[in-house]
Amino acid sequence: NSFVIRTNTCGELRSAHVGQEVTLYGWIQYQRQGLFLVLRDFQGLTQIILPQDEAHSHVKKLLSNAPVESVVRVTGIVSSRPPGQENPKMPTGDIEVKAETAEILNSCKKLPFEIKDFIKKSEALRMQYRYLDLRSFQLQYNLRLRSHIVMRMREYLCNLHGFVDVETPTLFKRTPGGAKEFLVPSREAGKFYSLPQSPQQFKQLLMVGGLDRYFQVARCYRDEGSRPDRQPEFTQIDIEMSFVDQAGIQRLIEGLLQYSWPEERGPIMTPFPSMTYKEALADYGTDKPDTRFGMKIVDISDFLRRLDIQFVQNALSYPHGTVKAICIPQGVRYLKNKDLESLKESAKSQFNQEIMEIICRPDGSLKSLLTKFLGEKQQLELIQVLNMQVDDVVLLAAGEHKQVCSALGSLRLESADLLEAAGLVLRDPTAFHFLWVVDFPLFLPKEENPTELESAHHPFTAPHPSDTSLLYSDPTKARSQHYDLVLNGNEVGGGSIRIHSAEQQRFVLEKVLKEDSEVLSHLLEALEFGAPPHGGIALGLDRLISLIVDAPSIRDVIAFPKSFRGRDLMGNAPDYVTPEELEPYHIQVSWPLAE
């Protein structure tokens, strides 16, 4: 209550305050027949008793006629609630305030929706009236927790470990590779700034400048169009260090998360487990595995290779041919036929992958198209290889390794959703499973042109120390010093040890990626002036907080988010500007605009 004119907040009065005169300010949350109202502020709720005597009739009239969500001042005496009327669910439930004077500071017009957490509101309406949505308990909690976590992160980095908080520019120039960037026109004809998708180059240049340890709560921008649960502007906890290796960055992040982790979510154990990219893909079909539940992918190629089954032999004859499967526990009991069909359809449409199911009947026999190729002994062996129990359903895929793994990885998550929707709890909603994924490939074939390569992380990532020679002889086989942090199947951070040799950086850009290195001449030149070995990481703050509070979307942990299509529905941005305003930027819009 420092610096303000109230004596107390609406969340702090207790029995110890009985008899005191208090002045409260807040919003009317609820009214009851001219008898009492509930006053709300950021900290909580207090019940206000309206005076019933003639002398205070104006106070009663004022407060009972004020619309819900009006802002009022109430001065009165704290008294105990009558016996039996206490409310144990309310922190202030033992007391009430008998109003003596009151003032309506601002009346509220008819609301577009009720401000209660349990009232279903359309997201478009919530975003149009975001300032009203922010009054809800959940959003208040999310934003306050976010603020607290960021404060603890600053303490850990700056006060305990000597990091320097540096703001880097928002207006910069286009960077090769990576996500699409927003363009900002300049007054020089034909020249544009770009909004950085991350402070990547600046943080490396700060290391060249000898700052040793940098950190920033960084705003980042990506023009990715309408992708669900992505925002065109988002926040990273951005970190870079000199003279560090991968293990050093990992220990720093584990310590940072442990220090800033909210107490009410229970402790997190360090060090976090680690898994190579290869293992993640083979066992979970993805580079961001959700390790809260089993259903790992099982390789049954060796078992089936001995059998003369045409489609199996065809699949295994490919250079990276394989047969793999996942086992859905109690699938017969929890999944309907249409669920299995939708799983098979999803593998076909997303990955062009055929799926065959195997069902374990109550008598232990198998039901599948595969069984006609298997004798009784081989069926028993298959049950053992797949560790099948009665009522389990196995989904089997044959083909090229990466495609098979990706398809089964996707089906693993889809079938977990279906099992949980049917009432089987697989993923503990209160569990937090952190995981490091390491040893990524340095380069991947471009999707649109597989003969060309692109960086798996970004072009500044250093090769794995034991694969440096491969960078020059066979770059597709080189592993990188890139590491991702995964939480419950979501990527919440990614970083790498950087290339600090100008010669090696130029080789990667020009010879491997076939990029024009001129755009990065400032960085290449900086690396020639005694750049220290350095590395770093960025944590996605919005995603991390949304997982901690179990929010359905990252929009629920951002004060003023953009819609699915990147629009601000409250202020109606982006918006048109006049030709006169465009003139200094040498830009014209081609009309008429197609809607």
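Above this text is the structure in question.
These notes cover the structure that comes with them. These figures come from a predicted structure and were not determined experimentally. (Residues numbered from 1 in each chain as written. Predicted model: local features only at pLDDT ≥ 70, side-chain atom pairs only at ≥ 80, totals over all residues. Heavy atoms only, no water.)

Focus on the nonpolar core
1) Next: In terms of nonpolar packing, the biggest core is built from 40 residues, with Ile239, Ile253, Leu257 and Leu485 touching the most fellow members.
2) Next: Only α4 (137-161), β10 (233-242), α6 (246-260), β17 (434-438), β20 (482-487), β21 (490-497), β22 (534-540) and α17 (541-548) provide two or more residues apiece to this core.
3) Next: Each residue touching Leu257, except ones within four places of it in the same chain, is listed here: Met153, Ile268, Phe272, Phe434, Leu485 and Leu544.
4) Next: Of all hydrophobic cores here, the second largest spans 24 residues; its members include Ala315, Ile358, Cys360 and Met388. (Core = buried A, V, L, I, M, F, W, Y, C linked by side-chain atoms within 4.5 Å. Buried < 20%, exposed > 50% of the residue type's maximum accessible area, 1.4 Å probe, protein only. Helix = DSSP H or I, 4+ residues; strand = E, 2+ residues; numbered from the N terminus. Contact = heavy atoms within 4.5 Å.)

Overview of helix α7 (residues 277-284)
1) Next: If you check which residues of α7 are buried, you get Tyr277, Ala280, Leu281, Ala282 and Tyr284.
2) Next: In this structure, the buried side of α7 is in contact with β11 (274-276), β13 (321-328), α13 (401-421) and β17.
3) Next: Positive phi appears at Gly285, one or two residues downstream of α7, with a value of about 70°.

Topic: helix α11 (residues 337-351)
Residues separated by three or four positions in an α-helix point in the same direction, a consequence of the helix having 3.6 residues per turn.
1) Next: Over its 15 residues, α11 runs 21 Å from end to end, which matches the ideal 21 Å to within 8%, given 1.5 Å per residue.
2) Next: Turning to α11, its buried residues number three or more, namely Asp339, Leu340, Leu343, Ser346 and Ala347. Seen end-on, α11 carries its buried residues on one side only, within an arc spanning 120°. Exposed and facing more than 90 degrees away from the buried side of α11 are Asn337, Lys338 and Ser349.
3) Next: Packing partners of the buried residues in α11 comprise β13, α10 (331-334), β14 (356-360), β16 (393-400) and α13.
4) Next: One or two positions beyond α11, positive phi appears at Asn352, with a value near 55°. (Expected span 1.5 Å × (residues − 1). Arc of directions from axis to C-beta.)

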